[in-house]
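Chain by chain, the residues run as shown.
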Amino acid sequence: MNKSGLLPAILDSLVTRFYRNKKILLFITVVFFSLIGSALGILEEVVPLILIFVPLAIKLGWDPFTGIAIPFLSAGIGFAAATFNPFTLGTAQRLAGIPLFSGLSLRFPLFIVTTLLVVIFLLRYTAKFDKTNSVTEPLVPDGGNSFRNLKKAVVFIIICFSGLALLVAAGNFYTPLSDYSFPIIALIFLIMGIGVGVISGGGGKTIASYFFSGTLSFAPAIILILLAAAVGYIIETGGILPTLLNYISPRLASLGRGGGALLLYFVQMGINFFIPSGSGQAVLTIPILAPLGDLIGVSRQTVVLAFQFGDGFSNLLWPTNPMLLIALGLAGIGYKDWLKKVLPDRKSVV
């Protein structure tokens, strides 16, 4: 969907339509990127778009931080507050033994709240840059808009997500279906990608090249997942897991369910410093954290939520995350300056 030019085309359409009202444009683009991060698990793919948004933000009278925050910060927050993210949420829920994409009634309001917080943060931040002169010329990004049949592609994606939502709802009422949900969802994503390629006018060779180049980009993550699975296997077969649970559970139980869930969140944040791969973390930690949650009275849905937040939010903070460093390099922003802007200072807290 990215290689075919769909994402830049959607952005071009939004900017062209709302360039006269910067606040509405900021709101729509933040919601858009947060949504694709939450529903599709897209984060790495938005990094190249920083090259489009930084000059766009400067043209609008803002600064380079706004240019990186709109695509990357928004997608990162959406990635953390996942609704249908198959890479972290789907993997973690499957390993925890709970229905795929269950708990949406809790996660969707959290997604709305976190997205609105990003919108409010950026509206307040950009208010000091707003100039008295209005924008009179269309500000279309330089990424180009060569995508054909944009409306047809958007309708097609909506249909695919409707099928995805129906599958999730059916799995909650018909338990045997949940056993096949993961491969069916993978098939839906595959159909979505191929369908967008066909709608864009790409031939079979072009679509295949996009598919295989995307597969190769995931190769390092596959190796990390296998290594994490090997560690998990050693922990389980070596009897290390019961030892860890017996040692940790009394200490967590003394904190209560709320304190225990909060500690699981911070533990996951710490693990993400060393293992940036979200899927790899899920394979390594969920088999340990899920039964640990059972021992201290924390539901497995809460354990997955702690994993999801601990992994997702720290992606925007840890310098061991290569995506963050690449994004900052493209925007020309130092890591220290990034932390100063995204973390609350004492004055704002007071």
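What this report covers is the structure whose coordinates are included nearby. What you see is a predicted model, and the numbers here were worked out from it, not measured in a lab.

## Things to note about the side chain of Ser 102
Piece 1. Among the structural elements, Ser 102 can be located in the loop between helix 5 (86-96) and helix 6 (104-127).
Piece 2. Residue classification places Ser 102 among the buried positions, given a relative accessible area of 8%.
Piece 3. A distance of 3.0 Å separates polar atoms of two side chains, one belonging to Ser 102 and the other to Gln 301.

## Focus on the packing of aromatic side chains
Each aromatic ring pair is summarised here by two numbers: the centre-to-centre distance and the angle between the ring planes.
Piece 1. Applying the stated rule across the entire model yields 12 aromatic pairs.
Piece 2. Between Phe 33 and Phe 53 the ring centres are 5.5 Å apart and the planes differ by 75°, which places this aromatic pair in the edge-to-face class. Placement of Phe 33 in helix 2 (residues 22-40) and of Phe 53 in helix 3 (residues 50-59) is noted, with a sequence separation of 20 residues between them.
Piece 3. Under the relative-accessibility criterion, Phe 33 is labelled buried at 0%.
Piece 4. An aromatic cluster is built from Phe 65, Phe 72, Phe 121, Tyr 125 and Trp 338, whose rings are joined through pairwise contacts.
Piece 5. The ring of Phe 65 has Lys 341 lying over it, and the distance from NZ or CZ to the ring centre is 5.6 Å.

## Side note on the nonpolar core
Piece 1. In terms of nonpolar packing, the biggest core is built from 70 residues, with Phe 33, Ile 50, Phe 65, Ile 68, Phe 72, Leu 122 and Trp 338 touching the most fellow members.
Piece 2. If you tally residues by element for this core, the top one is helix 4 (residues 64-80), at 9 residues.
Piece 3. The next biggest cluster of nonpolar side chains, apart from the first, holds 15 residues, and it includes Phe 111, Leu 264, Leu 289 and Val 303.

## Overview of the pattern of salt bridges
Piece 1. Overall, the coordinates contain 1 salt bridge when judged by the stated rule.
Piece 2. Ionic pairing is found between Asp 294 and Arg 300, a salt bridge with its closest N-O pair at 2.7 Å.
Piece 3. According to the relative accessible area criterion, Asp 294 is partly exposed, its value standing at 42%.

## Some points on helix 14 (residues 278-296)
Piece 1. Of all bends in helix 14, the biggest is about 50°, found at Thr 285, and the proline Pro 287 comes one to four residues later.
Piece 2. The element helix 14 is largely enclosed, with a buried count of 15 among its 19 residues.
Piece 3. Backbone geometry just downstream of helix 14 places Gly 297 in the positive-phi region, at approximately 85°.

## Some remarks on the packing of helix 4 against helix 16 (residues 322-331)
Piece 1. Contact geometry for helix 4 and helix 16: axes closest at 9 Å, N-to-C directions at 140°. Taken as a pair, helix 4 and helix 16 cross one another with a handedness that is right-handed. For the pair helix 4 and helix 16, the contacting residues are Pro 64, Ile 68 and Phe 72 in the first and Met 323, Leu 324, Ala 327, Leu 328 and Ala 331 in the second.
Piece 2. Residues of the contact of helix 4 with helix 16, tallied by class, amount to 8 nonpolar, no polar and no charged.

So, how was this worked out
- Residues numbered from 1 in each chain as written.
- Predicted model: local features only at pLDDT ≥ 70, side-chain atom pairs only at ≥ 80, totals over all residues.
- Heavy atoms only, no water.
- Helix = DSSP H or I, 4+ residues; strand = E, 2+ residues; numbered from the N terminus.
- Buried < 20%, exposed > 50% of the residue type's maximum accessible area, 1.4 Å probe, protein only.
- Polar contact = N/O pair within 3.5 Å; in protein donor to acceptor, adjacent residues only side chain to side chain.
- Phe/Tyr/Trp six-rings, centres within 6.5 Å; stacked < 30°, edge-to-face > 60°.
- Lys NZ or Arg CZ within 6 Å of the ring centre and 35° of its normal.
- Core = buried A, V, L, I, M, F, W, Y, C linked by side-chain atoms within 4.5 Å.
- Salt bridge = Lys/Arg side-chain N within 4 Å of Asp/Glu carboxyl O.
- Bend = angle between axes of the 7 residues up to and from the residue.
- Axes fitted to C-alpha atoms, helices over the stretch in contact; angles between N-to-C directions.
- Left-handed = near helix turned anticlockwise from the far one by under 90°.
- Contact = heavy atoms within 4.5 Å.
- Nonpolar A, V, L, I, M, F, W, Y, C, P; charged D, E, K, R; others polar.

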